[in-house]
Amino acid sequence: MTEQITGALFKQMILHGAAAITAQKQAINDLNVFPVPDGDTGTNMSMTIGAAVTELKKTEPASLTQAADLTASALLRGARGNSGVILSLLFRGLSKGLKGKETASAADFAAAMQQGVSSAYKAVMKPAEGTVLTVSRLAAKRAVEAAGAEPDVETVLDESIKEGFEALAQTVEMNPVLKKAGVVDAGGKGYLLILEGMLAAMRGEPLPETAEDQPAQSGKADFAAMSVEDITFAFDTVFIVRKSAPDVSLEPFRAYLNSIGDSLVIGEDDEAFKVHVHTNIPGAALTESQKYGTLELAKIENMRTQAEDLAAGRHVQSTDDLEAVEAALESESAQEGHTVAAPEKKYGFLAVCAGEGLKAVFKDLGADAVVSGGQTMNPSTESILEGVDAIPAETVFVLPNNGNIIMAAQQCQALTEKNVVVVPSKTVPQGITAMMNVDFEAPSAEDITAAMTESLSSVTTAQITYAARDSEFDGFDIKAGDYLALDEGKLFGTDASLDALLRRLAAAAVEKESSFISLYFGEDVAEEDAQKARQIFEQACPEAEVAVLAGGQPVYYYIISME
């Protein structure tokens with residue numbers, strides 16, 4: 001019988017809970033299909049609570065509040081994926097409920113569990129029932145009920161777990177995605193495994209063995225039945241930002257993220273906040289986050305490729321594989337190396353862009369090669385370096401055409417014997433303008449660099465994409481499915497009508513006194529519609545030269561260059 005939880009006992013409970021889910025993490029992975037079939041919930045939850053284990057092993061907590069605070073802080077910073085962030089929120093609320101307590105009774109602990117559930121629900125933008133939220137809520141409710149009649153913490157937690165498993169069994173009927181795959185919720189099952197481990201610690205049971213890859217006890221999801229097309233937002237994006245001020249409001253940032261993605265969860269304490277979001281433009285999320293503090297760490301994974309690997313029975317790569325991948329690449333490079341073309345001319349040009357039409361434009365303007373990449377798919381330094389070394393020139397000018405790629409391109413300068421000049425183009429139109437200002441017979445690389453760089457300021461870039469969710473941002477009332485226009489990376493306007501938004505951009509082109517306007521239409525735009533867009537700009541700007549080209553780019557319906 002246990003009537004009080006001390007700091008030392010709480011530490012042991014966390015160690016047991018972590019060992020319990022680590023031992024079953026592959027079984028949890030096999031259940032993972034919601035919100036997307038990426039098969040990593042067990043790994044994410046295991047590694048999240050593992051961060052707390054690492055910190056707890058360094059100290060002997062003098063009180064329960066110290067142990068709980070340390071656990072919550074470590075979980076926030078170590079949280080991985082949607083499930084890991086929600087787990088950190090459950091323990092963050094638990095920590096708040098135990099604040100200032102040397103020890104906790106059954107009633108104290110049950111109330112703290114319920115506070116943890118409240119914290120998780122408040123942080124999730126659109127809570128989905130039939131998930132870990134449902135399981136934790138009903139488990140906490142039962143704990144409070146049991147604590148009203150029973151002082152034994154072991155009995156209260158046992159009753160809570162039993163109720164949780166009854167709720168878990170119902171998740172397959174509550175969530176259509178789970179019902180389609182025929183499994184219970186992976187996050188809910190993982191949370192209950194942790195609670196079972198914590199109960200085992202109270203009972204003095206030995207630490208569970210952490211042998212991995214145990215078979216699932218309650219079935220395995222049919223990942224092949226899950227369509228990759230069901231994944232609306234491809235990139236699972238997680239990052240930590242150290243706050244610029246303890247009281248900084250994250251509500252504007254929450255609204256912005258909700259407009260460009262889903263599965264949004266934000267956990268925070270006084271010093272930092274951690275974000276989990278699914279989006280097609282992770283670079284934009286990271287850039288926006290820096291308005292609220294200093295970006296410390298980020299992880300981005302492509303859930304579509306993960307789902308394809310799962311369906312095919314292949315190993316699912318994640319950021320956990322980075323060290324092994326880098327080591328393999330270094331080994332291959334040491335053994336083989338990539339081809340370094342001998343100089344045959346003084347100058348060469350390398351551009352980065354996505355879309356066959358845009359690639360053709362750069363080639364037509366004199367680019368020797370194009371590296372595939374851009375928003376949502378930034379190429380690595382290694383990819384850019386291979387492109388540089390393959391060009392048979394003494395000096396290679398690199399056009400990143402995206403602010404998030406500039407630094408990666410600059411790293412090439414120290415990795416090759418060629419002279420690499422990175423022209424800091426932040427958009428495709430800037431890159432195209434820079435290429436149009438190249439004098440291929442210039443006497444020096446400095447002259448070319450100066451002309452290309454100076455030309456960047458002569459072009460304005462507008463882009464049109466779409467809103468994923470209802471939100472309010474920068475004074476705009478954004479509705480899901482609306483078209484969004486960006487002007488030089490800032491939100492210009494939103495409208496349910498694409499034509500209306502094009503007309504407003506055309507009016508802006510008039511104000512800018514643009515003489516040359518180019519509309520590059522994306523892979524989701526028909527040429528007939530693009531020609532209608534041309535007419536809108538020609539009517540608004542009768543003195544301007546308007547061109548329409550098939551860019552074939554993803555994400556953006558139109559990339560518009562105004563000079």
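Each remark here, short or long, concerns the structure printed above.
Predicted, not measured: the structure shown is a model, and the values here were computed from it. (Residues numbered from 1 in each chain as written. Predicted model: local features only at pLDDT ≥ 70, side-chain atom pairs only at ≥ 80, totals over all residues. Heavy atoms only, no water.)

Caption draft 1: Layout of the pairing of strand β9 (residues 460-466). In terms of burial, β9 is largely enclosed, as six of its seven residues are buried. With five bridges connecting them, β9 and strand β16 (residues 558-562) associate as antiparallel partners. Each bridged residue has a counterpart across the sheet, and for T461 the counterpart in β16 is S561. (Buried < 20%, exposed > 50% of the residue type's maximum accessible area, 1.4 Å probe, protein only. Helix = DSSP H or I, 4+ residues; strand = E, 2+ residues; numbered from the N terminus. Pairing = 2+ DSSP bridges.)

Caption draft 2: Highlighting the packing of aromatic side chains. Tallying each qualifying case throughout the model produces seven aromatic pairs. Between the aromatic rings of F253 and F273, the centroid separation amounts to 6.0 Å while the plane-to-plane angle is 65 degrees, which identifies the pairing as edge-to-face. Placement of the pair is F253 in helix α11 (residues 251-260) and F273 in strand β3 (residues 272-279), with a sequence separation of 20 residues. In textbook terms, an aromatic cluster arises when at least three aromatic residues are bridged by ring pairs, as seen for F239, F253, F273 and Y292. (Phe/Tyr/Trp six-rings, centres within 6.5 Å; stacked < 30°, edge-to-face > 60°.)

Caption draft 3: Layout of the nonpolar core. Membership of the largest hydrophobic core comes to 65 residues, with the highest contact counts inside it found for I5, F10, I14, F109, M113, L157 and M198. Elements with a minimum of two residues in this core: α1 (7-23), α3 (41-56), α4 (64-78), α5 (81-97), α6 (106-123), α7 (132-147), α8 (153-174) and α10 (186-202). Top element by residues in this core is α10. It accounts for ten residues. (Core = buried A, V, L, I, M, F, W, Y, C linked by side-chain atoms within 4.5 Å.)

Caption draft 4: Layout of helix α18 (residues 428-436). Of all nine residues in α18, eight are buried, a share of seventy percent or more. Of the residues that open α18, the one with a side-chain oxygen 3.2 Å from the backbone nitrogen of Q430 is T427. (Polar contact = N/O pair within 3.5 Å; in protein donor to acceptor, adjacent residues only side chain to side chain.)

Caption draft 5: Region of interest: the pattern of salt bridges. What the rule picks out here adds up to 21 salt bridges. One salt bridge connects R254 with E251, and the closest N-O pair in it is separated by 3.4 Å. Here R254 and its partner E251 are both found in helix α11, three residues apart, which amounts to about one turn of the helix. As a salt-bridge pair, E356 and K359 come within 3.4 Å of each other at their nearest N and O atoms. Taken together, the positions of E356 and K359, both in helix α15 (residues 356-364) and three residues apart, correspond to about one turn of that helix. In this structure E356 comes out as exposed when scored by relative accessible area, which is 59%. (Salt bridge = Lys/Arg side-chain N within 4 Å of Asp/Glu carboxyl O.)

Caption draft 6: Main features of a negative patch on the surface. Together, D439, E441, E446 and D447 make up a negatively charged patch on the protein surface. Inspection of the secondary structure puts D439 in the loop between α18 and α19 (445-455). (Patch = residues over 30% accessible without salt bridge, like charges linked within 9 Å, V, L, I, M, F, W, Y side chains within 5 Å. Areas by Shrake-Rupley, 256 points an atom, 1.4 Å probe, with all protein chains shown as cover. Lys, Arg positive; Asp, Glu negative; His and termini not counted. Charge placed at Lys NZ, Arg CZ, Asp CG, Glu CD.)

Caption draft 7: Representation of unusual backbone geometry. At S263, a position not held by glycine, the phi torsion is positive, near 50 degrees. Tracing the sequence through the fold places S263 in strand β2 (residues 261-268). Phi is positive for N401, close to 60 degrees, though the residue is something other than glycine. Exposure remark for N401: the relative accessible area of 5% places this residue in the buried category.

Caption draft 8: Layout of the sheet that holds strand β5 (residues 345-353). If you trace the four strands from one edge of the open sheet to the other, you get β6-β5-β7-β8, paired in parallel fashion. The strands lining the two open edges of the sheet, one partner per strand, are β6 (369-372) and β8 (419-422). Ignoring strand direction, the axes of neighbouring strands in this sheet form an average angle of 25 degrees. Bridge analysis of β5 against strand β7 (residues 393-399) gives six bridges, and the strand direction is parallel. Counted as the bridge partner of A351 is L399 from β7. Here α19 sits on the sheet in contact with β5, β7 and β8, set at roughly 10 degrees to β7. (Axes fitted to C-alpha atoms, helices over the stretch in contact; angles between N-to-C directions. Contact = heavy atoms within 4.5 Å.)

Caption draft 9: Representation of α15. Buried within α15 we find G357, L358, K359, V361 and F362. G366 sits one or two residues past α15 and shows a positive phi near 115 degrees.

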